[in-house]
Structures are given as C-alpha cells and as structure tokens.
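# Fold and contact review
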Amino acid sequence: MSEKPRKIEITDPVTITVDGREVTAQNGELLIDACERNDAYIPRFCYHPRMNPVGMCRMCLVEVDTGRGPALQPSCMIPVAAEMVVDTKNEQVSKAQDGILEFLLANHPLDCPVCDKGGECPLQDQTMAYGPGESRWVEEKRHYEKPIAISETVYLDRERCILCDRCTRFAKDVAGDPLIHFIDRGSNTEIATFPDEPFSSYFSGNTVQICPVGALTAKPYRFRARPWDLEEVESTCTGCSVGCRITVQSSRNQVLRFQGVDSDPVNWSWLCDKGRFGFEAINSEERLAEPLMLSSDGTLSPARWAEALNAAADAIRAADPTSVAVIGGAQLTNESQYAWAKFAKGIIGTDHVDAQLGDGLAAEVVLGLPGATIDQVCAPGSTVLYMGPDPKEELSVLYIRLKHAAQEDGVQIIELSPAASGLSPYASASLHYRPADLPKLVEALLAGELPDQGLPGIDAAEFTKASQALLAAEQNLHVVIGRANLAESADCVAVAASAVHQALPGATFLSGLRRANLRGALEAGLTPGMLPGRSSLAEHGQAWKELWGSVPSTAGMDTTQILQAAAASKIDVLILLGADPLADFADRSLARRGVAGARTVISLDRFLTASTRQADIVFPIAGFAECEGTHTNLEGRVTRLNQKVTPPGTARTDWMIAAELAALLGKDLGVERDAQELWDEFTAHSAVHAGVSSAALDHPDAADGLLLDLGPRPFVTPVAPHVAPQSSYSLRLIVNRTLYDQGTEIHHCDSSSGLAPAASVRLSPADATPLGAEDGTQVTVSSPQGSITAALVIDSGVPKGSAVLRHNLEGADPGLLIDSADVVCEIRVEVS
Amino acid sequence: MSRFSPANLRLAQEIIRRYPVAKSATIPLCHLAQEQDGYLADDSMAQIAELVGCSSAEVLGTASFYEMFKMHSVGKFCLGVCTNISCQLLGGEELLEHAEQTLGIRPGGTTADGLFTLEDVECIAACTEAPAVQVNYRYFHRLTPQDLDQLIEELRSGALDGVVPAHGTLGKVRQDLGEDRIANITPPEDQTEPVWLRRHRELAEAAAAADAGTPSAVGNDS
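Not measured: the values here are computed from a predicted model. (Residues numbered from 1 in each chain as written. Chains lettered and ligands numbered in written order. Predicted model: local features only at pLDDT ≥ 70, side-chain atom pairs only at ≥ 80, totals over all residues.)

## Here's the deal with the sheet that holds strand S33 (residues 778–782) of chain A
Residues and elements named next belong to chain A. Spatial ordering of the closed barrel is given by S31-S35-S32-S34-S33-S36, a layout of 6 strands whose pairing is mixed. This sheet shows a mean twist of 45° between the axes of neighbouring strands, independent of strand direction. In this sheet, strand S36 (residues 826–831) lies alongside S33 in antiparallel orientation, the contact comprising 4 bridges. Residue pairing in the sheet places Thr-780 in a bridge with Glu-830 of S36. (Pairing = 2+ DSSP bridges. Helix = DSSP H or I, 4+ residues; strand = E, 2+ residues; numbered from the N terminus. Axes fitted to C-alpha atoms, helices over the stretch in contact; angles between N-to-C directions.)

## Section: the packing of helix H6 (residues 92–103) of chain B against helix H7 (residues 145–157) of chain B
Residue and element names in this part refer to chain B. Two numbers describe how H6 lies on H7: the axes approach to 10 Å, and their chain directions differ by 40°. Judged on the interaxial angle alone, H7 and H6 are oblique. Every pair of crossing elements has a handedness; the one defined by H6 and H7 is right-handed. Across the interface between the two elements, Glu-94, Leu-95, His-98, Ala-99, Thr-102 and Leu-103 from H6 touch Pro-145, Leu-148, Asp-149 and Ile-152 from H7. (Parallel < 35°, antiparallel > 145°, perpendicular 65-115°, else oblique. Left-handed = near helix turned anticlockwise from the far one by under 90°. Contact = placed C-beta atoms within 7 Å.)

## With respect to helix H4 (residues 56–65) of chain B
Counting buried residues in H4 of chain B gives 9 out of 10 residues, a clear majority hidden from the surface. Listed as buried for H4 of chain B are Ser-56, Ala-57, Glu-58, Val-59, Leu-60, Gly-61, Thr-62, Ala-63 and Ser-64 of chain B. As for H4 of chain B, its buried residues are in contact with strand S8 (180–183) and strand S9 (190–193) of chain A together with helix H2 (26–37) and helix H3 (42–52) of chain B. (Buried ≥ 20, exposed ≤ 12 C-beta atoms within 10 Å, placed from the backbone.)

## Some words on the confidence of the model for chain B
Considering every residue of chain B, the mean pLDDT works out to 87; 86% of them sit at 70 or more. We note a pTM of 0.92 for the whole complex and an ipTM of 0.91 for its interfaces. (pLDDT = per-residue confidence, 0-100.)

## Let's talk about the domain arrangement of chain A
A common way to state how big an interface is: give the accessible area lost once the parts meet. Residues and elements named next belong to chain A. We note that the domain assignment places domain 1 (13–89), domain 2 (142–282), domain 3 (292–360 + 518–704), domain 4 (364–511) and domain 5 (731–831) within chain A. Each partner contributes residues to the interface: domain 2 has 14 residues there, and domain 4 has 11 residues. The residue inventory of the side of domain 2 that touches domain 4, partitioned by class, reads 11 nonpolar, 3 polar and no charged. (Domains from an automatic or database assignment. Nonpolar A, V, L, I, M, F, W, Y, C, P; charged D, E, K, R; others polar.)

## Some points on helix H2 (residues 91–106) of chain A
Residues and elements named next belong to chain A. Between the first and last C-alpha of H2 there are 22 Å, a value that for 16 residues agrees with the 22 Å anticipated at 1.5 Å per step. Regarding H2, the residues found buried are Val-93, Gln-97, Ile-100, Leu-101 and Leu-104. Angularly, the buried residues of H2 cover 95° about the axis, an arc narrow enough to put them on a single face. Next to the buried residues of H2 lie strand S3 (61–65), strand S5 (85–87) and helix H3 (122–130). (Expected span 1.5 Å × (residues − 1). Arc of directions from axis to C-beta.)

## Concerning the environment of Thr-639 of chain A
Residues and elements named next belong to chain A. Mapped onto the elements, Thr-639 comes out in strand S29 (residues 637–641). On the neighbour-count criterion, Thr-639 (25 C-beta atoms within 10 Å) is buried. Each C-alpha atom, one on Thr-639 and one on Leu-101, is 41 Å from the other, the two residues being 538 residues apart in sequence. Once you skip the residues sitting within four places of it in the chain, Thr-639 turns out to touch Thr-236, Gly-243, Arg-245, Thr-630, His-631 and Gly-705.

## What to know about the environment of Gln-146 of chain B
By the secondary structure assignment, Gln-146 of chain B is in helix H7. Along the primary structure Gln-146 of chain B and Leu-95 of chain B are separated by 51 residues, whereas in three dimensions their C-alpha atoms are 9.4 Å apart.

Okay, here's the thing in structure tokens:
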C-alpha cells in the first residue's frame with residue numbers, strides 16, 4: 001500500500017510484544033499502525049490511515065493475546081493496550097490470510113493484464129506476498145457489466161470490487177458527498193450510485209487513488225500507461241493556493257497522472273479533481289510552442305525568439321518607466337516572481353506591478369496580519385472566524401480539512417458569508433450578511449450586540465451564538481479571510497479583518513486567496529509599493545537599491561488603476577505575466593478599455609487567452625512540471641516544484657525571459673545558470689525568507705515544506721468604504737466562483753472542461769416569488785453598467801435582498817454589471 | 001412520479017418527529033412509500049432522502065438491504081414459495097413449478113393482470129409446516145399443488161381480501177403512538193435517565209404511593 005502510517009508523537013507510551021519483540025507504542029493507537037511503525041507490516045485493504053477503521057476486509061487479522069489467550073483479531077480495530085502480545089506472522093495468522101485472500105479472489109476476475117491497477121495493485125501484491133498461491137474455486141464467478149461510468153471521470157468495475165468500503169467511507173466521511181453506497185446484500189452487494197445521480201463529487205478522483213483493486217479507474221488515465229513505465233517526481237499542485245503535495249508521473253516525456261502525497265500539514269493525501277486531472281492541460285495540443293508577434297495584417301504570427309525579445313526590449317526602452325505596467329505573476333514560481341520583480345522594479349524602474357487582478361486583498365493585509373497555518377486553524381480547540389470564499393469551490397482541500405476539524409475535532413466555525421456555502425452545514429454559526437455589511441457585522445459581533453435597527457438578513461439568535469463563540473475564543477481564534485464576493489470592494493474584508501485584529505490581538509489570520517502562488521508573488525514584491533521580503537518601498541527601498549542598483553521612487557498603481565491609466569492611453573507597455581484580465585478582472589468594461597488602450601501589450605502565457613489574443617508580442621512559457629523552482633502556498637509554506645517533462649516547442653521559463661530582456665536593455669539580472677541563483681539571492685536578502693534557503697529546503701525533514709516567518713508586520717488600518725444608500729436598484733450582487741468554470745486551465749482539460757455548470761441567476765424564494773418566476777425562467781439582471789440574461793435558480797441559500805451570479809461561466813458574464821469604482825454592485829432583476 | 005400523497009406527506013413528517021435524529025425514520029418512511037405504491041419507486045427514495053436529510057444513494061443502500069422492500073412494481077399479491085431444506089424435502093420445488101405453470105410466470109415475474117408476483121424464497125421459518133407459502137407475508141401451510149391452485153383462485157376472486165391485504169400494507173391497524181408514549185424523543189445528548197428506567201421508577205413510585213393510600217401519579221395506560 002502506498003499510504004504511510006501517520007506520524008505521531010508518543011505521549012502515553014505502553015510496552016507491547018510484537019512477534020516476540022518488546023516495542024513501545026502509544027496507548028490507544030490502532031494496533032495495525034503500532035505494528036507497522038515497528039517493522040511488522042500487517043497486510044490490509046480497507047484500513048486507510050486518514051479514515052476511521054471499519055474492519056471490513058479481515059485481511060489484517062493477527063493473533064492478539066491480552067491475557068485471555070491468543071485469538072485472531074482485526075488489528076485495524078484494536079486499540080493498543082499495555083502488555084498486549086501480538087503475533088503477526090505465525091501459522092494461524094498465515095492460514096487466516098490465505099483464507100481471506102482466497103475468499104476475496106473467489107469472485108475477483110483474473111483480468112490483471114488489462115487492468116489499470118496491475119503492477120501497483122494491493123490485491124495483486126498481497127496475494128503474491130501472503131496468498132495461498134492457488135485457488136480452489138472452480139465455480140463461475142459473478143459477472144457484471146464492465147465497467148460503468150459512475151461520474152464523468154470515474155469508472156466502476158464491480159467484478160473487481162472487494163467491498164472494502166474505502167470509496168464509500170471517503171465519499172461520506174471525508175468529502176461529505178455520500179453519492180455512492182453499498183446496495184443489496186450478501187454475495188450481491190455492490191457499489192452503486194442512485195439511478196441518474198452520478199458520483200459528481202469534487203473529490204471523486206481520490207477514490208481511484210485509494211481503491212485497493214482496479215474497481216475504480218479514472219478516465220483520464222485509463223489504458224495510458226503501466227505503473228512500471230511511469231517515472232515520478234514529487235511536486236506541489238499549483239491548481240490553487242492550498243499547495244497540495246503530489247507526485248507527477250510521466251511516461252515518454254508526457255505527464256500522465258498526479259497522485260496525492262500525504263503531507264501532514266496540508267493535504268493529508270487528498271486532492272480535488274480539478275487539481276488531480278489538471279495534468280491534461282500540460283499535454284494540450286493548444287499549448288503555445290513559439291513566440292507570436294502581431295503582423296502587419298493584424299494577426300498573431302509565429303516569430304523567432306530574438307525577434308520577439310528585441311521587439312519587447314525596444315518597446316520597453318522607448319517607454320518612460322512610469323508608463324510600463326506589469327499585471328499578473330501569481331502562477332509563476334517564486335524564482336520567476338523574484339526575477340520579474342527585480343526586472344520590473346530594479347531594471348525598468350516601474351512600480352506599477354500587481355500580481356492580483358482586483359480579486360484579492362491588499363498586500364498589506366495579507367502580509368501584515370499575523371499568520372496562521374492550516375494546522376493551527378484546524379487544531380482541536382480552535383475557533384475559526386471564516387470570512388473567505390466558499391472553500392469547497394475555491395480551496396477544495398482546505399474545505400476537507402475544515403470539515404474534518406468541525407466534525408471530528410470539535411473545532412467551532414463561525415461563518416460570515418454573503419450566501420450559504422459548502423462550509424455552512426459544518427459551521428456552528430453561519431451568518432449571511434448583505435454585501436458591504438461585513439464591517440458592520442464584525443463590529444457588532446465584537447461588541448456582542450446587534451445595532452438597534454438590526455442588520456439586514458442577520459438572525460438575532462444565530463448572531464448571539466456567533467458572538468459568544470467569537471468572544472470566548474481568545475488565543476485560539478483563527479481568522480480566514482478572502483474574497484467571498486468579487487462584486488464587493490476588497491476593503492470590506494480588510495476593514496473587518498482589521499477590526500478583529502485590533503479587538504483580539506491574539507487572533508491569527510490565513511488568507512484564502514485562490515491564485516496558486518499569489519502568496520509567493522506578494523512575498524517577492526509583485527505588488528505596488530512593496531519590495532521582496534515584505535519590505536515596503538518607502539521604508540526599505542534603500543537596502544534593495546544597494547542590491548539592485550535602483551528602485552522606483554514612488555509607489556505605483558494596482559491593477560484597477562493600471563487599467564484605468566491604460567484606458568486613458570497613459571500606459572505604453574503592458575506586460576501580462578500569465579494574466580488574463582479580459583476574463584478575470586471583475587469590471588469587464590474597464591478590462592476591455594484597458595487592454596485595448598495600452599500601446600504595446602506583451603503577454604507571457606501557456607495558451608492563447610482572450611487577453612493574449614489582444615497582445616502585440618506573446619512569449620510561450622514553460623508551465624507546471626516543466627520547470628524547477630519553489631512555491632509558496634496560502635499559509636506561507638515554501639515547497640519545491642520539480643520538473644518532469646520538457647516544455648513544448650521553444651517555450652521558456654518566465655525568469656529566462658526577464659533575464660534576456662534585461663540583457664537587451666544593457667542590464668544584468670544576476671542569473672547565469674539556473675533559477676536557484678535567484679532564490680539564493682532572494683533568501684539571502686529577505687529576513688522572512690531566512691529559514692527557507694535552498695539548503696534548508698533540501699533537508700530530509702523539510703519534505704512537507706518550510707514556513708516563512710509568519711509574524712505580524714506593521715499594519716495600517718484601512719478606511720471603511722462608504723456605501724451610497726440603496727437606489728432604485730433593489731438587490732445587491734454577489735459574484736463568486738465555482739470549482740469548474742471557463743478558466744484557461746480547465747478549458748484545456750478534456751475530462752473536466754464539460755463539468756462547468758451553465759450560468760444562472762440565483763435568488764432567494766422571497767425575492768423570486770414577487771417576480772412570478774420559477775426555476776429556469778429567463779431573467780434579466782441590470783445595473784447602471786449594463787444588463788445580462790440568464791436562467792433563474794431559486795436557492796434558499798441566498799439571503800433575501802441579494803442575487804448570486806457565478807464568475808466566468810458560459811452564458812452570462814457578471815463582469816458586464818460591475819463598475820470597479822463601486823463598493824457594491826446594485827442590481828435589478830426582471831423577468832425577460 | 002411517485003411522491004407521497006399530501007396525507008402521507010403529513011404522516012411522514014409525523015413519523016420523522018418521533019425520532020431524535022431524522023435519518024432514523026428512513027425505514028419507516030420506506031414502508032410508508034411501499035404501502036402507498038406497492039413498491040419503493042426511485043422518486044419516493046429521492047423524496048425520503050430530502051425529508052430525512054441524507055442522499056438518495058443512502059436511502060437506496062439502506063432499502064436494498066431488505067428483501068421486503070421491492071424496487072420494482074409488483075403484483076397485488078407477492079406469492080413466495082419456500083424451497084429451502086425442509087420445504088424442498090416435502091415438495092416445495094414441485095409446488096413452485098406448479099405455481100409457475102398455474103400463473104404462467106417464472107419466479108420474479110408478475111402476471112399480466114398485475115395480481116401475482118411469484119417468488120422463490122429462502123427459509124421463512126415455518127419448517128414444521130412444510131411446504132409453506134407466504135402471500136404478502138401471511139402464511140399458508142402444508143400446501144399440495146391442489147391447495148395452491150385453490151389459494152390462487154380465492155385470492156383472485158377476492159375471497160381472501162379480509163385475510164391478505166394488498167402488498168405493502170404493514171398492518172390492519174396503523175400503530176400510532178400518543179405523545180406521552182414516544183420513546184427517546186429527547187435528543188440523546190440531553191438524556192439523563194433512560195426512558196424505560198424512568199418509567200419503571202415512576203411505576204414503582206406510583207405503586208408505593210398507592211400502598212400508602214395516596215392517588216396514583218401514573219395510570220393512564222393500565
């Protein structure tokens with residue numbers, strides 16, 4: 001089995017005898033774990049170290065004597081107690097193992113040669129190691145249709161299933177999506193979904209990884225490789241900012257599979273399907289493989305690197321530094337981010353650099369507040385004030401951790417969100433505020449009482465529960481912040497977080513911003529007014545000037561201001577570092593005017609996106625699994641990213657392009673051979689990065705990555721935004737994300753691209769009834785900016801007075817409604 | 001669409017209220033659905049899942065464990081012929097074969113008139129009365145093929161309507177508990193003393209009080 005036993009700290013040692021040896025174990029831990037840790041591996045199928053044991057498969061029977069004589073007992077169900085005598089290898093045990101395997105194989109087909117699991121199959125391996133070698137079964141085996149699709153990505157072969165309960169336990173206990181279940185009984189027992197209700201869990205791929213036989217297989221990997229042909233390296237998933245550890249497996253220079261690695265502080269071996277099957281985008285035919293330049297006929301045509309680099313360098317050279325702007329960079333490695341920060345701020349001399357597209361939080365908030373790790377947030381005894389996005393949709397594995405914390409470890413979650421989320425069922429109190437009311441709500445919670453006139457949509461009893469839990473938390477309060485609503489000013493969350501920080505200084509904060517290496521980008525200074533290592537331009541500019549030769553003299557603009565300036569033709573060169581403002585910036589009108597208004601647009605991307613198509617020069621870049629580097633997750637945990645395959649065509653890593661351009665501008669970026677030089681320079685000059693040098697990351701104890709210094713920095717309290725009173729537009733808009741959308745990555749994954757839901761307008765029953773509309777009625781949503789039409793969904797999770805639209809789905813673009821100058825977006829909904 | 005009728009929906013909600021945890025009502029609600037439709041339809045299971053707050057797959061998983069829940073439409077009478085050891089020795093298999101010929105269907109099949117579903121069943125715990133047959137779980141003992149023909153005829157004519165209710169009917173009189181007799185209505189975490197212990201204590205106290213000549217505090221169910 002690939003699963004490793006969980007590392008534990010022995011606090012209550014007892015001595016037990018295993019195969020004649022006296023060993024020390026933790027009192028009460030499971031015997032199967034204690035034996036494995038003491039070099040007496042017990043074969044098993046159903047037991048998984050991250051799930052509760054059930055004792056289904058009986059493979060782990062061992063002889064246990066607790067003073068009443070030896071008896072065969074399932075070691076996954078027996079807690080260790082003092083003076084236990086265990087025999088894992090004697091004749092009785094071997095006979096039991098023989099018998100169990102013979103039973104399991106009675107109905108198991110001998111189709112290993114055509115089974116995806118063959119070669120890495122626990123049933124195959126353990127039959128070889130512990131089995132009888134021969135079967136006495138001569139009767140017909142049971143037959144089922146092979147295989148049946150139980151979801152878009154997972155296939156079930158019921159003949160191979162040994163009914164270990166791993167996938168069903170995972171679906172119910174870990175993912176919280178009990179869409180598969182044992183049905184029927186006895187020899188007819190099988191795993192099934194309800195008719196016409198597929199196993200459409202965001203986490204379905206994990207069941208394929210933990211299936212101990214080939215019963216569950218993943219469509220993207222079926223018949224693509226044999227395990228012995230796969231090469232692998234460990235890396236960190238960059239699908240979102242949680243930073244799950246994975247193995248990248250490839251064959252013949254093609255990535256074929258990601259598997260979750262059990263990283264104790266982060267993902268516990270689980271992955272979301274978007275991450276797991278995201279490897280398909282790496283192999284996409286549509287990857288950019290050569291530079292493109294705008295030709296005289298107005299189309300993007302292939303160009304040579306020298307040509308494209310010279311053209312880019314010429315454009316930058318010709319422009320005044322203050323008219324050059326850089327947007328994006330959150331998908332880059334830490335090294336490339338540092339290279340681009342140094343190139344933009346030290347060499348070009350512009351501070352108009354922003355890795356976020358108006359959908360994040362100010363760097364001062366993310367980096368200034370005292371940090372919390374996922375483990376601290378989810379530790380028993382913790383109270384979590386959750387003010388982030390729907391974690392199930394945006395930070396899926398963090399959702400698994402939070403759900404586990406709430407259900408198994410008694411962690412209290414106080415959820416403050418504009419609408420019900422995937423986390424709401426597990427929250428001990430869930431308050432749904434009207435957009436822009438979050439600062440008022442937090443202020444009231446901290447004061448312990450609602451304002452006299454109340455707050456719209458806030459239930460008094462739930463409020464009291466939340467307030468009491470919040471004020472009782474003291475040192476164990478952990479706050480998750482993020483953008484639950486893209487149509488609301490980021491200042492709302494910042495003000496709320498700041499109020500908690502002032503009132504409860506012991507509280508620590510975790511930023512739930514989903515862009516993969518956004519934390520790294522902010523740490524590297526890809527944000528206006530900041531330099532690498534959380535240094536502010538105003539205060540620490542001198543130190544970096546000594547290293548870089550120069551730094552910008554004044555703080556620059558953020559993405560919104562850059563786009564405004566570009567729209568006013570004040571930006572000569574706009575560099576997009578893997579950013580697609582035309583799809584991702586919330587205010588669609590401004591994004592269009594901004595990208596069109598910049599004189600020269602230089603884009604570094606893996607694919608042709610909406611924004612890339614508008615560019616004058618496009619550089620193809622090496623993406624995930626194609627370059628070496630490091631990654632910083634949302635906690636501030638630095639892990640290694642490893643290369644497994646070569647990038648397509650002549651695509652290069654982002655830092656190389658910065659270095660080339662610097663050379664063409666007559667400057668030296670300070671990198672000769674590889675990205676590690678950049679990291680060494682960065683970590684040597686940043687106090688918060690002192691502990692994450694290359695040498696430290698290579699230490700065997702650093703397998704789970706190393707944390708940056710998470711201590712607080714000087715924090716400037718943001719000013720509460722002023723909200724104009726409600727106009728004739730009666731509703732406030734909530735724009736949030738779904739896991740599957742029209743994003744570039746998903747769009748290029750064959751098996752996931754069809755999973756994005758259709759656009760809809762979600763209204764509470766209270767707001768839908770007066771319209772006389774039903775589910776599916778076409779409704780028109782209008783704001784002063786524009787209007788869109790989509791089908792109505794009546795959703796009791798949406799509070800009265802708000803309407804929910806999803807970001808970046810096909811059919812209706814909420815960006816057409818949003819004006820980035822407004823704190824909230826007020827709208828009107830009418831039947832079309 | 002097989003959903004609960006308005007009256008049955010009210011009853012379903014009443015049944016759910018009898019349990020401290022709604023999910024505990026899954027099986028009683030499956031019975032109610034089967035009583036309404038004669039079998040457990042997919043729609044019903046989906047509705048039960050909504051009512052008790054779990055997934056449809058969980059309701060299907062629970063219901064499919066039990067032979068007595070039928071997942072497909074069955075006849076008014078489910079005729080189960082036992083072919084387990086005692087019945088087999090005393091002619092159960094012949095009886096089944098005879099039933100197949102009389103009804104013109106194989107085990108698992110339903111007659112065209114929708115009256116009979118024939119089943120080949122395992123031991124129904126009537127070994128002393130072999131060969132035994134069940135019709136909608138009502139027993140008929142020591143049947144000869146001629147007895148079986150007569151039984152089928154009587155069922156068809158309606159002569160046994162008072163004896164054998166239509167498939168799905170749980171009992172002739174629905175069990176309905178008064179509020180005061182509902183066990184465990186307190187959420188488990190709030191319970192201090194098991195209900196039955198309290199009841200015994202109250203009865204004992206009442207008896208003691210009666211001995212002492214004071215009026216009884218308990219006695220509404222004697």
